[in-house]
Amino acid sequence: GDARAIRAMMSALEGRPRAAEGTAREWDGRHRLTHAYAGNLRSCYREVCGAEPAMTSFHGKFRGTVDYIFHTPGIGSTRVLKPPRLRGGLPSEEYPSDHVSVVADVRL
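Residues numbered from 1 in each chain as written. Predicted model: local features only at pLDDT ≥ 70, side-chain atom pairs only at ≥ 80, totals over all residues. Heavy atoms only, no water.

1. Observations concerning the overall build of the protein chain
Of the regular secondary structure elements, the protein chain holds 2 helices and 8 strands. Starting at the N terminus and walking to the C terminus, you meet the elements of the protein chain as α-β-β-β-α-β-β-β-β-β. The contacts in the protein chain between residues at least 6 apart in sequence include a share of 57% that link residues at least 24 apart. A total accessible area of about 7900 Å² is found for the protein chain, and carbon and sulfur atoms account for 50% of it. (Helix = DSSP H or I, 4+ residues; strand = E, 2+ residues; numbered from the N terminus. Contact = heavy atoms within 4.5 Å. Areas by Shrake-Rupley, 256 points an atom, 1.4 Å probe, with all protein chains shown as cover.)

2. Section: the environment of Leu86
Here Leu86 shows up in the loop between strand 7 (76–80) and strand 8 (104–107). Sequence spacing of Leu86 and Phe58 is 28 residues, and the spatial spacing of their C-alpha atoms is 8.9 Å. With sequence-adjacent residues up to four places away left out, Leu86 is seen in contact with Met55, Phe58, Arg63 and Tyr95.

3. Regarding the environment of Pro91
Within the secondary structure, Pro91 is located in the loop between strand 7 and strand 8. Residues Pro91 and Phe58 lie 33 residues apart in sequence; the distance between their C-alpha atoms is 8.1 Å. Residues in contact with Pro91, not counting those within four places in the same chain, are Pro96, Ser97 and Asp98.

4. Section: the packing of aromatic side chains
In total, this model carries 1 aromatic pair according to the counting rule given. Seen in terms of ring centroids, Tyr68 and Phe70 are 5.7 Å apart; in terms of plane orientation they differ by 15 degrees. Their pairing is stacked. Residue Tyr68 is classed as partly exposed on the basis of its relative accessible area of 36%. The ring of Phe58 has Arg63 sitting right over it, with the charged end atom 4.7 Å from the ring centre. (Phe/Tyr/Trp six-rings, centres within 6.5 Å; stacked < 30°, edge-to-face > 60°. Buried < 20%, exposed > 50% of the residue type's maximum accessible area, 1.4 Å probe, protein only. Lys NZ or Arg CZ within 6 Å of the ring centre and 35° of its normal.)

5. Here we look at the layout of surface pockets
Picture a little ball the size of a water molecule; that probe, rolled over the atoms, points out where space is still empty. Considering only enclosed or pocket space, the largest pocket measures out at about 260 Å³ in volume. Looking at side-chain class alone, the lining of the largest pocket contains 9 nonpolar, no polar and 4 charged residues. (1 Å grid on protein atoms, 1.4 Å probe; cavity = no way out; pocket = protein on both sides within 12 Å on 5 of 7 lines; lining within 4 Å. Points joined across faces, edges and corners; volume = space filled by probe spheres on them. Nonpolar A, V, L, I, M, F, W, Y, C, P; charged D, E, K, R; others polar.)

By themselves, these observations are geometric and do not establish any function.
Following this line, the structure appears as structure tokens:
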């Protein structure tokens, strides 16, 4: 059922970041996984700010962007929540997660 399909999907993605290549992969004989940038999806942050946030997760030795909000053509982004300027890693007393919130207002 669903759990088996999810395991198969995760297995197809495991260790193979293909975002830049826009590669699609078949994972259960019926469905294909495709990175959002390979299709018609648009990034809210890229649309409003011109680029993805420099950081959405910050812990240990990692600081980078791993969280995104995408939309289809015909929907537009009007504004986004910019990530905070952090001096140390996450979580912290002020930000209790190792990810910061990504938020967008969209126009339908």
